[in-house]
Amino acid sequence: MMRGGLPWVLAASVALLPLPVIASDPGPAEWLERMSASVHSESYRGTFVLQRKDRLDTVRVIHAIEDGGYRERLHTLSGQEREVVRSVDRLSAQSGTGAASGGQAAEAGSAPRWPVSSPVHLLAEHDGYSLKDQGRSRVAGHACRMLLARAGDLLRYSHRYCLHEDTGLPLLSELYSGSGQLLERLAFTDLELLDRVPDAALEPVSEGADRIEVRAERGHLRPDPDGRDWGFSELPSGFRLVVARERSSDDPEQPGRYFVVSDGLASVSVYVEPVEGERRFEGATRAGATHAVARIEGDYQITAVGDVPRETVERLAAAMHPPQSDRGRHE
């Protein structure tokens with residue numbers, strides 16, 4: 001009986017391993033480009049599981065593209081009930097800033113989220129990751145391509161994805177520390193692609209649902225090499241400035257600033273906001289793979305937050321400096 005069952009078990013195990021790569025298939029960089037585009041080009045509904053250390057959350061999601069941006073409703077199915085209705089405009093979706101709902105460190109990673117659009121073309125500019133196509137696999141009943149982006153240093157995490165073969169949607173997303181520890185895993189358990197999503201399906205069904213609107217400021221700031229505006233003294237290896245904008249504040253005479261730096265896969269948001277009194281905060285927080293660091297510079301609070309190691313957000317927060325004309329006053 002055992003002899004007859006063992007080959008069957010071995011065959012079943014082999015069937016779950018990634019299938020070999022076909023030579024004519026797109027390379028890892030092309031797959032990542034498809035993933036980046038899919039987040040704001042595909043509508044779907046499904047259920048995913050979010051694992052952070054010993055915490056496991058199950059979330060129902062419906063995601064609808066609209067005019068280059070997207071709307072989505074997320075509803076937890078396990079633990080404390082929470083519902084989030086989020087709307088992200090075209091500019092935010094395409095610049096990869098749709099995951100951030102505000103500049104507060106305490107909010108980092110608090111809402112269920114899926115990987116946002118990333119400027120993956122930046123991967124060609126540095127060797128911070130080694131990319132490997134690990135072959136075909138299946139997640140939630142869909143064929144997908146398994147990709148590994150192994151970090152080459154301790155400034156970033158290693159990423160592992162399984163991308164839907166037809167759309168490039170990430171059916172599985174994992175983050176690993178430099179020691180190989182799994183920090184976070186997002187995996188669909190079921191997924192249905194949709195041609196259109198009725199407006200009613202995006203309306204909250206529970207009382208007290210959180211409504212988040214991500215609307216990027218339209219005024220884009222050009223990098224200022226003369227130091228007449230807020231900017232970075234230096235960036236960690238492989239990271240580039242991809243977004244720089246003014247950010248409205250309570251005082252129109254003291255607008256804030258919003259920056260995004262990215263290495264092609266990992267992105268860090270840096271906020272510069274005028275603060276006073278009890279609103280001032282300095283320190284560090286963490287939620288899963290997300291780190292946030294805040295410090296005070298004169299009358300402003302600088303907050304850096306992203307799915308990167310703590311050292312990376314600390315370096316970015318420390319590198320943000322005020323305009324040259326204000327430095328003496330702030331020091």
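Scroll up for the structure.
Because the structure is predicted, anything quoted here is derived from the model rather than measured.

**Student:** Please explain the overall build of the protein chain as it appears in this structure.
**Tutor:** The helix and strand tally for the protein chain stands at five helices and 18 strands. Taken over 331 residues, the protein chain has a buried fraction of 50%. For the protein chain, contacts bridging at least 24 residues in sequence account for 58% of all contacts bridging at least 6. Put simply, the protein chain shows about 16,700 Å² of open surface, and 49% of that area lies on carbon and sulfur atoms.

**Student:** Is there a simple way to explain the sheet that holds strand β7 (residues 158–164) in this structure?
**Tutor:** The ten strands are arranged β5-β6-β7-β8-β9-β1-β2-β3-β4-β10 in an open sheet whose pairing can be described as mixed. Lying at the two open borders of the sheet, with one neighbouring strand each, are β5 (129–139) and β10 (210–214). When strand polarity is set aside, the average angle formed by the axes of neighbouring strands in this sheet is 15°.

**Student:** What is the right way to look at helix α4 (residues 310–319) in this model?
**Tutor:** Among the residues of α4, those classed as buried are T312, V313, L316, A317 and A319. Mapping the buried residues of α4 onto a view down its axis gives an arc of 165°, with all of them on the same face. Tucked into the core, α4 has its buried residues touching β11 (231–232), β13 (256–262), β14 (267–274), β16 (290–297), β17 (300–306) and β18 (320–321).

**Student:** How do you make sense of the pairing of β5 when you look at a structure like this?
**Tutor:** Looking along a regular strand, one sees the side chains alternate between the two faces of the sheet. Of the strand pairs in this sheet, β5 and strand β6 (residues 142–151) are connected by nine bridges, and their pairing is antiparallel. Bridging from a neighbouring strand, L131 pairs with A149 of β6.

**Student:** Teacher, can you tell me more about the packing of aromatic side chains here?
**Tutor:** Pairs of aromatic rings are described using the distance from one ring centre to the other and the angle between the two planes. A full pass over the atoms with the stated rule returns five aromatic pairs. Ring geometry for F48 against F188: centres 5.9 Å apart, planes inclined by 80°, an arrangement best described as edge-to-face. One end of the pair, F48, is in strand β1 (residues 43–52); the other, F188, is in strand β9 (residues 182–194), and 140 residues separate them in sequence. Accessibility classification places F48 together with F188 in one group, the buried group. Cluster of aromatic residues (ring-pair linked, three or more members): Y44, F48 and F188. Seen from the ring of Y129, R156 lies directly overhead, with NZ or CZ sitting 5.7 Å from the centre.

**Student:** Help me out: how do you make sense of the pattern of salt bridges in this one?
**Tutor:** If the charged atoms of two oppositely charged side chains come close together, the side chains can form a pair. The tally for this structure, following the rule as stated, stands at 23 salt bridges. A salt bridge links R60 to D190; the nearest nitrogen and oxygen atoms lie 2.9 Å apart. With a gap of 130 residues between them, R60 in strand β2 (residues 55–66) and D190 in strand β9 connect regions that are remote in the sequence. Where R145 meets D133, a salt bridge forms, and the shortest distance between an N and an O atom there is 2.9 Å. On the criterion of sequence distance, the pair formed by R145 in strand β6 and D133 in strand β5 is long-range, its members being twelve residues apart.

**Student:** Would you mind showing me how to read the pairing of strand β3 (residues 69–76) here?
**Tutor:** Across the eight residues of β3, seven count as buried, placing the element largely inside the fold. Looking at chain direction, β2 and β3 are connected through eight bridges and run antiparallel. In the sheet register, R60 faces β3, and the bridge partner there is H75. The turn joining β2 and β3, which pair antiparallel and follow one another in sequence, is formed by two residues; a positive phi near 50° is taken by D67. Here six bridges tie β3 to strand β4 (residues 83–88), and the two strands are oriented antiparallel to one another. The residue of β4 that forms the bridge with L74 is V84.

**Student:** Just to check I follow, could you spell out the sheet that holds strand β15 (residues 283–287) for this structure?
**Tutor:** In sheet architecture, strand pairing relies on hydrogen bonds along the backbone and comes in two forms, parallel and antiparallel. Spatial strand order, β12-β13-β14-β17-β16-β15: six strands in an open sheet with antiparallel pairing. Each edge of the open sheet carries a strand with a single partner, namely β12 (240–247) and β15. Averaged over all neighbouring strand pairs, the angle between strand axes comes to 15°, with direction disregarded. As paired elements, β16 and β17 share seven bridges and run antiparallel to each other. Directly across from R295, in β17, lies its bridge partner I302. Contacting β13, β14, β15, β16 and β17, α4 runs over the sheet at an angle of about 25° to β16.

**Student:** Is there a simple way to explain the side chain of S177 in this structure?
**Tutor:** Mapped onto the secondary structure, S177 falls in the loop between β8 (170–176) and β9. Here S177 is in contact with Y157 and L183, once residues within four sequence places are set aside.

**Student:** In this structure, what is going on with helix α2 (residues 28–38)? I would like to understand it.
**Tutor:** Helical periodicity: at 3.6 residues per turn, an α-helix aligns residues three or four positions apart in one direction. Of all the positions in α2, only W31, L32, M35, S36 and S38 are classed as buried. End-on, the buried residues of α2 take up no more than an arc of 165°, which puts them together on one face. Packing partners of the buried residues in α2 comprise β5, β6, β7 and β8.

**Student:** How should I be thinking about the nonpolar core in this particular structure?
**Tutor:** General note: in soluble globular proteins, nonpolar side chains tend to be found buried as a group. Judged by nonpolar contacts, the single largest core of 32 residues is most densely connected at L32, F232, F259, L265, V268, V270 and M320. For this core, the secondary structure elements donating two or more residues are α2, β6, β7, β13, β14, β17 and α4. Looking at this core, the element that brings in the most residues is α4, giving four residues. Of all hydrophobic cores here, the second largest spans 22 residues; its members include L50, V59, A187 and F188.

About the cut-offs
- Residues numbered from 1 in each chain as written.
- Predicted model: local features only at pLDDT ≥ 70, side-chain atom pairs only at ≥ 80, totals over all residues.
- Heavy atoms only, no water.
- Helix = DSSP H or I, 4+ residues; strand = E, 2+ residues; numbered from the N terminus.
- Buried < 20%, exposed > 50% of the residue type's maximum accessible area, 1.4 Å probe, protein only.
- Contact = heavy atoms within 4.5 Å.
- Areas by Shrake-Rupley, 256 points an atom, 1.4 Å probe, with all protein chains shown as cover.
- Pairing = 2+ DSSP bridges.
- Axes fitted to C-alpha atoms, helices over the stretch in contact; angles between N-to-C directions.
- Arc of directions from axis to C-beta.
- Phe/Tyr/Trp six-rings, centres within 6.5 Å; stacked < 30°, edge-to-face > 60°.
- Lys NZ or Arg CZ within 6 Å of the ring centre and 35° of its normal.
- Salt bridge = Lys/Arg side-chain N within 4 Å of Asp/Glu carboxyl O.
- Core = buried A, V, L, I, M, F, W, Y, C linked by side-chain atoms within 4.5 Å.

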